[in-house]
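Structural description and commentary
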Amino acid sequence: MHIIWNDTSDTRAYDEVCWANVFNLRRPKHRRPRGVTKPRCDEDILAAVERAIQLGLRIAVRSGGHSFEAWSIQDNAIMVNLCEYKQVKVDTARRTATATSSVTSIELNEILAQDNLFFPGGHCPDVGLGGFLLQGGMGWNCGNWGWACELVQGIDVITAEGKPVYCDITQNSDLFWAARGAGPAFPGIVTRFHLRVMPCPQSIYSSCYIFPHALYATAFRWAITLVDDLDTDTELTAKAYHQDLGPCFSIIITTFKHNFQDAMQALQPAHESRPAGTLSEWFCSPESMSSLYAALASINPEGHRYSTDNGFFHDDPNIDLVSNFEEAFLTLPHESSYAFWAPMRPWSRRNIAEMALSLQGDHYFAVYTIWEDEKDDQRCQEWLRRTMKRALKTSIGSYIGDSEFSHRDARYWRDQNTERLMEIRRKWDPQSRIAGGYPSTLALPNGRASVIEEPSRLDDEHM
Ligand SMILES: Cc1cc2nc3c(=O)[nH]c(=O)nc-3n(C[C@H](O)[C@H](O)[C@H](O)COP(=O)(O)OP(=O)(O)OC[C@H]3O[C@@H](n4cnc5c(N)ncnc54)[C@H](O)[C@@H]3O)c2cc1C
């Protein structure tokens, strides 16, 4: 196990090591880990935790590097970058797979596809399983198939005190409870996820209706009426973004089926009821997981600056989502930015498993503010804060995965789940060693610094 240390490295070279595989180009320069290590096996991770314990340092973890605020960059920490620890094992007969945390959504599905299997991972191809599953995982067709973390059967964890443990519904069940929804507040390092997987959809088709801004209200009201009639293999989203046609509002319907006839049947009613006035449209066009991932990668480009916010909403006749979201949908501050709405029904009405994830709304609304130039940082972020303050007025809480704790304190769990998460964190990480950049609602009452002493000096050889 090799650790690269801040205080003995060239500043530029250390910066590169720290920020390697962080997706967002807008980076918190005021935070800096003490050391960085890239383990390739469990023993390396254990050694890094032991070293952190010896030196009184914290541990921060990176899997896919897609958290918007780069939660893996923490002060006084050894950052464990799992990017070189990638393993997947598939058990076709049992329809299960085991994957290490830095395996991405697309990597997992490319391997599963060889056995005609599929996992509803993140829409964006390169999101890591680690961050994605720990916070719940809003994967493909989430409103119908449920949260991706509901397919986690067990996890291998290295605890904050350097002990390897297996957790599932019967063994270390409190840690397993936390692993499905705690996100960056999880008090350990997950080395492997044991997953249930699904048969691979053989015929994926999509329809898309692109409207001008002038028809926003008509198009969105129509999309909302579709929710109850779409079948359970069909995912609906509305998205505002800039296209070659200019700023548009699109309704996209994707169906995951086993033959063309079923796909046609799923998409036909929406096609027949669509409002007039589209700028462009397609109906029941063939897709593949590769084409879907490519489309998502193109609207989430690398080398850009990102800032996000989001909220869940209940269906309520007194709340008019169309006017609530209008400003956010129609005044995006940069042509690379986009906003989207996803219905979460019918899953939002189900009794989900006992787990940390506990906020379920019928509607999900999020803005991915994306821009290129640092000079636009303030303008784009001020737009996001101002606009989302209004858009989220009636929200019941937020999804931790698309959140930034520096914006505001949101509600991420039900109150009793927040309490239980605090207890589990106290039990499994009494020193608050795992530094996840968790929201202030979860900070220990006396603050972390009072628990772990700052190291007076690092050993000379730093190994
Ligand atoms: C372009 C883009 C598209 C996205 N699309 C989706 C989407 O479709 N659905 C969705 O739900 N989310 C989506 N997200 C949000 C994304 O899932 C979260 O940002 C998630 O945290 C990223 O996980 P990661 O492992 O890549 O990130 P990282 O930054 O590596 O991890 C985030 C944090 O999770 C914790 N963590 C990660 N791995 C471990 C581990 N092994 N053990 C303990 N703690 C760990 C750490 O606190 C870490 O700092 C998207 C984000 C981006 C940037």
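Scoring rules and cut-offs
Residues numbered from 1 in each chain as written. Predicted model: local features only at pLDDT ≥ 70, side-chain atom pairs only at ≥ 80, totals over all residues. Heavy atoms only, no water. Pairing = 2+ DSSP bridges. Helix = DSSP H or I, 4+ residues; strand = E, 2+ residues; numbered from the N terminus. Expected span 1.5 Å × (residues − 1). Buried < 20%, exposed > 50% of the residue type's maximum accessible area, 1.4 Å probe, protein only. Arc of directions from axis to C-beta. Contact = heavy atoms within 4.5 Å. Lys, Arg positive; Asp, Glu negative; His and termini not counted. Salt bridge = Lys/Arg side-chain N within 4 Å of Asp/Glu carboxyl O. Near = heavy atom within 4 Å. Polar contact = N/O pair within 3.5 Å; in protein donor to acceptor, adjacent residues only side chain to side chain. Areas by Shrake-Rupley, 256 points an atom, 1.4 Å probe, with all protein chains shown as cover. Nonpolar A, V, L, I, M, F, W, Y, C, P; charged D, E, K, R; others polar. Core = buried A, V, L, I, M, F, W, Y, C linked by side-chain atoms within 4.5 Å. Phe/Tyr/Trp six-rings, centres within 6.5 Å; stacked < 30°, edge-to-face > 60°. Lys NZ or Arg CZ within 6 Å of the ring centre and 35° of its normal. UniProt positions renumbered as here; feature names shortened; annotations may be inferred. Domains from an automatic or database assignment. Buried area = accessible area lost by both parts, 1.4 Å probe. Axes fitted to C-alpha atoms, helices over the stretch in contact; angles between N-to-C directions.

1. Regarding the pairing of strand S5 (residues 88–91)
- Bridging between S5 and strand S6 (residues 96–100) involves four bridges; their strand directions are antiparallel. Counted as the bridge partner of Lys89 is Thr98 from S6.

2. Observations concerning helix H12 (residues 415–428)
- Taking 1.5 Å per residue as the helical rise, H12 with its 14 residues ought to reach 20 Å, and the 20 Å between its terminal C-alpha atoms agrees with that figure.
- Those residues of H12 that fall on the buried side of the exposure criterion are Asn417, Thr418, Leu421, Met422, Ile424, Arg425 and Trp428. Angular distribution of buried residues about the axis of H12 spans 165 degrees; they occupy a single face of the element. Opposite the buried face of H12, at more than 90 degrees from it, the exposed residues are Asp415, Gln416, Glu419 and Lys427.
- Looking at the buried residues of H12, the elements they touch are strand S8 (152–159), strand S9 (164–167) and helix H6 (173–179).

3. Looking at the side chain of Asp44
- Following the sequence through the fold, Asp44 ends up in helix H2 (residues 42–55).
- Here Asp44 sits buried without a salt bridge, and the closest side chain of opposite charge, Arg40, lies 6.5 Å off (N-O distance).
- In contact with Asp44, not counting residues within four places along its chain, are Met1 and Pro39.

4. Comments concerning the site of the ligand
- Taken together, the neighbourhood of the ligand is formed by 35 residues, with Ser63, Gly65, Ser67, Gln135 and Tyr399 sitting nearest.
- Between the ligand and Gly128 there is a distance of 2.9 Å, counted from an oxygen atom to a backbone nitrogen or oxygen.
- At 3.0 Å, a backbone N or O of Gly131 approaches an oxygen atom of the ligand.
- Coverage of the ligand by the protein amounts to 97% of the 960 Å² it exposes when considered alone.
- Those elements that provide at least two residues to the shell around the ligand are strand S3 (58–62), helix H4 (129–134) and strand S10 (188–196).
- The residue makeup of the shell around the ligand, split by class, is 15 nonpolar, 18 polar and two charged.

5. Digging into the pairing of strand S13 (residues 234–243)
- Counting buried positions along S13 yields eight of 10 residues, so the element is predominantly enclosed.
- As paired elements, S13 and strand S14 (residues 246–257) share 10 bridges and run antiparallel to each other. Note that in S14 the partner of Tyr241 across the bridge is Cys248.
- Pairing geometry for S13 and strand S17 (residues 338–343), over four bridges, is antiparallel. Paired with Ala238 across the strands is Trp341, a residue of S17.

6. Here we look at the nonpolar core
- Counting residues in each nonpolar core, the largest one holds 78 residues, and the members touching the most others are Phe119, Leu133, Trp140, Trp147, Ile155 and Phe186.
- With sequence-adjacent residues up to four places away left out, Trp140 is seen in contact with Phe118, Pro120, Gly121, Gly122, His123, Trp145, Glu235, Phe256, Met289, Leu292, Tyr293 and Leu296.
- Residues Ala219, Cys284, Ile319 and Leu321 belong to the second largest nonpolar core, which totals 38 residues.

7. As for the packing of aromatic side chains
- According to the stated counting rule, one finds 33 aromatic pairs in the structure shown.
- A ring pair is formed by Phe23 and Tyr306, whose centres lie 5.0 Å apart and whose planes are at 50 degrees; its orientation type is tilted. Taken together, the residues Phe23 in the loop between helix H1 (11–19) and strand S2 (35–37) and Tyr306 in strand S16 (residues 305–313) connect sequence positions 283 residues apart. By the burial criterion, Phe23 is buried, and Tyr306 matches it.
- Summarising the aromatic geometry, the rings of Phe211 and Trp222 are spaced 6.3 Å apart at their centres and angled 65 degrees between planes, so their arrangement reads as edge-to-face. Residue Phe211 is found in strand S12 (residues 203–212), and its partner Trp222 is found in helix H7 (residues 216–226); the two are separated by 11 residues along the sequence. For the pair Phe211 and Trp222, a shared accessibility class is recorded, and that class is buried.
- Following the ring pairs from residue to residue traces out a cluster consisting of Phe23, Phe68, Trp147, Tyr306, Phe312, Tyr338, Phe340, Tyr364, Tyr368 and Tyr399.
- When the ring centre of Trp177 is taken as origin, the NZ or CZ atom of Arg420, which lies over that ring, is 4.5 Å away.

8. Re the UniProt feature "domain: FAD-binding PCMH-type" (unreviewed entry) in the protein
- UniProt feature "domain: FAD-binding PCMH-type" (unreviewed entry): in the numbering of this structure it lies at residues 29–200.
- For residues 29–200, helix accounts for 23% and strand for 27%, while the C-alpha atoms at its two ends are 42 Å apart.

9. A look at the domain arrangement of the protein
- When its domains are assigned, the protein resolves into domain 1 (3–84), domain 2 (88–199) and domain 3 (203–402).
- Look at where the C-alpha atoms of domain 1 and domain 2 centre, and you get two points 22 Å apart.
- Of the residues lining the interface, 13 residues belong to domain 1; the matching set on domain 2 comes to 21 residues.
- Taking both sides of the interface into account, the surface hidden between domain 1 and domain 2 amounts to around 1200 Å²; carbon and sulfur atoms contribute 74%.
- For the pair domain 1 and domain 2, the interface holds one salt bridge.
- We note a salt bridge from Asp42 to Arg192, for which the minimum N-O separation is 3.0 Å.
- Applying the counting rule to domain 1 against domain 2 returns three residue pairs in polar contact (both at pLDDT 80 or more).
- Among the secondary structure elements, those contributing two or more residues to the side of domain 1 that touches domain 2 are H2 and S3.
- Among the elements that make up the side of domain 1 that touches domain 2, the one with the highest residue count is H2 (five residues).

10. Concerning the sheet that holds S8
- Ordered by their spatial adjacency, five strands build an open sheet running S5-S6-S10-S8-S9, and the pairing between neighbours is antiparallel. The open sheet terminates on both sides in strands that have one partner only, identified here as S5 and S9. Between one strand and the next, the sheet's axes are offset by a mean angle of 15 degrees, whatever the strand orientation.

11. Structural notes on the sheet that holds strand S4 (residues 77–81)
- Strands sit in the order S1-S2-S4-S3 across an open sheet of four strands; the sheet is mixed. Among the strands making up the open sheet, the edge pair consists of strand S1 (3–5) and S3. When strand polarity is set aside, the average angle formed by the axes of neighbouring strands in this sheet is 25 degrees.
- Sitting on the sheet, H1 is in contact with S1, S2, S3 and S4, with an inclination near 50 degrees to S2.

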